[in-house]
Amino acid sequence: MITGTENGAVRRSGRRRAHARTRLAVAAGVLAALGAALLGPGIAAHGTGELHIPAAGTTTLLRVAVFAALALHLGELAGARLAGAGPRPSPYALGAALGGAAASAGQIVVLARVSDLDITAVYGTRDGGLLLAMANGFALAAGCVALKRPGYAVAPLALVIGAEALRAHPEPYTPEIGTALTVVHLIAASLWTGGLLYVLRVVRLRGGGAREVLLRYARLAGWLYAALAVTGTCSALRRLPADVVLGSAYGRVLLAKLALMAVASVLAVVARRRLGHRGGDAATPARTELAVLAGVVVVSALLTVVPDPHWVGTRLSLR
């Protein structure tokens, strides 16, 4: 006969094993993300004949940190509204904002090194000035959180998003359209990924009582997905010539991103269907979806570092 004490010990042992598996999975994911960020630019450009991008791996890693910081901070702001009344998970916003500021400042240092300029001279360049604006925006957002005014962080985070959109689309042809598309795309992606993380943390904290929170997030995620699909498609059509999809690093990375997005979409549909059946486990596919979205963040950072695909199209047309 098993006593109540033995039952409790079995449950605690099961929780410890589950937590150990979770920590192992997180560690493996972090290592995979580091490898993809550092080695991805070289792998994607292999055999394309494209120009080498100095410090591409380091830059990708720093941009992953920027995108992750935006997702964590914006997701927490949105998730706090979705969570309603009840216990809240510990905030990540302050650490995210400080990490984003450090990553933006790190990009300034990298830019100074590869350009052989001092820091002051880098501030006078277009990219250097935008990176400085991003670092200051994150710092101001951190200050808002530290002063217990987290909602005020929306304004400096908007500055970060605007500066990032301008940096990501330095194209000479209709840059205002590319910038606008990137702003919407970046906001939607940050809210989808960061909001899902926050909601899953609420579910873990509250247990079965958080089903309504998941439902509210699912309704928001539908609109975010539509925004991502429209802006992503428009951006791809504008930036990627059809004849270099497989022959450019940008095209290859974009295909990898589309594959990951397809997997995340399927998982989102599965989670939503389970939400429609009371008692269905929607959290498990949602956690897997979050892991896939973390991969999307890394691949998205790669897209902003690899060469402009129009260079490959121009080279091929001259042959």
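Procedures and definitions
- Residues numbered from 1 in each chain as written.
- Predicted model: local features only at pLDDT ≥ 70, side-chain atom pairs only at ≥ 80, totals over all residues.
- Heavy atoms only, no water.
- Helix = DSSP H or I, 4+ residues; strand = E, 2+ residues; numbered from the N terminus.
- Buried < 20%, exposed > 50% of the residue type's maximum accessible area, 1.4 Å probe, protein only.
- Contact = heavy atoms within 4.5 Å.
- Areas by Shrake-Rupley, 256 points an atom, 1.4 Å probe, with all protein chains shown as cover.
- Patch = residues over 30% accessible without salt bridge, like charges linked within 9 Å, V, L, I, M, F, W, Y side chains within 5 Å.
- Salt bridge = Lys/Arg side-chain N within 4 Å of Asp/Glu carboxyl O.
- 1 Å grid on protein atoms, 1.4 Å probe; cavity = no way out; pocket = protein on both sides within 12 Å on 5 of 7 lines; lining within 4 Å.
- Points joined across faces, edges and corners; volume = space filled by probe spheres on them.
- Polar contact = N/O pair within 3.5 Å; in protein donor to acceptor, adjacent residues only side chain to side chain.
- Phe/Tyr/Trp six-rings, centres within 6.5 Å; stacked < 30°, edge-to-face > 60°.
- Lys NZ or Arg CZ within 6 Å of the ring centre and 35° of its normal.
- Nonpolar A, V, L, I, M, F, W, Y, C, P; charged D, E, K, R; others polar.

1. Observations concerning the overall build of the protein
Moving on, step 1. A tally of regular secondary structure across the protein gives 11 helices and zero strands.
Moving on, step 2. In the protein, the succession of helices and strands from N to C terminus is α-α-α-α-α-α-α-α-α-α-α.
Moving on, step 3. A burial count over the protein gives 43% of its 319 residues as buried.
Moving on, step 4. Considering only residue pairs separated by 6 or more positions, the protein has 75% of its internal contacts joining residues 24 or more positions apart.
Moving on, step 5. Per element, the accessible surface of the protein, about 16300 Å² overall, is 69% carbon and sulfur.

2. Quick notes on a nonpolar patch on the surface
Moving on, step 1. A cluster of nonpolar side chains, contributed by Val30, Leu31, Leu34, Leu38, Leu39 and Ile43, occupies part of the molecular surface with about 580 Å² of accessible area.
Moving on, step 2. Among the structural elements, Leu34 can be located in helix H1 (residues 4-45).

3. Regarding the pattern of salt bridges
Moving on, step 1. Tallied over the entire structure, the rule returns five salt bridges.
Moving on, step 2. In this structure, Glu164 engages Arg63 in a salt bridge whose closest nitrogen and oxygen atoms are separated by 2.4 Å. Of this pair, Glu164 sits in helix H6 (residues 154-168) while Arg63 is found in helix H2 (residues 56-83), placing the two residues 101 residues apart along the sequence.
Moving on, step 3. Judged by relative accessible area, Arg63 falls into the buried class, the value being 4%.
Moving on, step 4. Taking the shortest distance from any N to any O, the salt bridge between Arg126 and Asp127 comes out at 3.8 Å.

4. Regarding the environment of Tyr225
Moving on, step 1. In this structure, Tyr225 sits in helix H8 (residues 211-239).
Moving on, step 2. Considered as a pair, Tyr225 and His185 are 40 residues apart in the sequence and their alpha carbons are 9.7 Å apart.
Moving on, step 3. Filtering out sequence-adjacent residues up to four positions away, Tyr225 remains in contact with Trp192, Met261 and Ser265.

5. Focus on empty space enclosed by the protein
Moving on, step 1. According to the stated counting rule, one finds one cavity of 30 Å³ or more in the structure shown.
Moving on, step 2. Roughly 40 Å³ of volume is contained in the largest cavity.
Moving on, step 3. Taken together, Leu72, Glu76, Tyr92, Gly194, Leu197, Tyr198 and Arg201 form the lining of the largest cavity.
Moving on, step 4. The set of elements that each furnish at least two residues to the lining of the largest cavity consists of H2 and helix H7 (175-206).

6. Things to note about the side chain of Arg167
Moving on, step 1. Tracing the chain through its elements places Arg167 in helix H6.
Moving on, step 2. On the accessibility criterion, Arg167 (16% relative accessible area) is buried.
Moving on, step 3. Within the local environment of Arg167, its side chain forms a polar contact with the side chain of Gln107, the two groups lying 3.5 Å apart.

7. Details of the packing of aromatic side chains
Moving on, step 1. For the structure on display, the rule yields one aromatic pair.
Moving on, step 2. Judged by centre distance (5.8 Å) and plane angle (85 degrees), the ring pair of Trp192 and Tyr225 falls under edge-to-face. Remark: Tyr225 occurs in helix H8 and Trp192 occurs in helix H7; sequence separation between them is 33 residues.
Moving on, step 3. With relative accessibility at 37%, the residue Tyr225 sits in the partly exposed group.
Moving on, step 4. Of note, Arg201 hangs over the ring of Tyr92, and the distance from its end group to the ring centre comes to 3.7 Å.

8. Some points on the layout of surface pockets
Moving on, step 1. If you add up the space inside the second largest pocket, you get close to 870 Å³.
Moving on, step 2. Taken together, 37 residues line the second largest pocket, and the ones lying closest to its centre are His185, Gly232, Lys257, Ser300 and Leu303.
Moving on, step 3. When residues of the lining of the second largest pocket are traced back to their parent elements, those giving at least two are H2, H6, H7, H8, helix H9 (249-275) and helix H10 (283-303).
Moving on, step 4. Looking at the lining of the second largest pocket, the element that brings in the most residues is H8, giving nine residues.
Moving on, step 5. In terms of residue class, the lining of the second largest pocket is built from 23 nonpolar, 11 polar and three charged.

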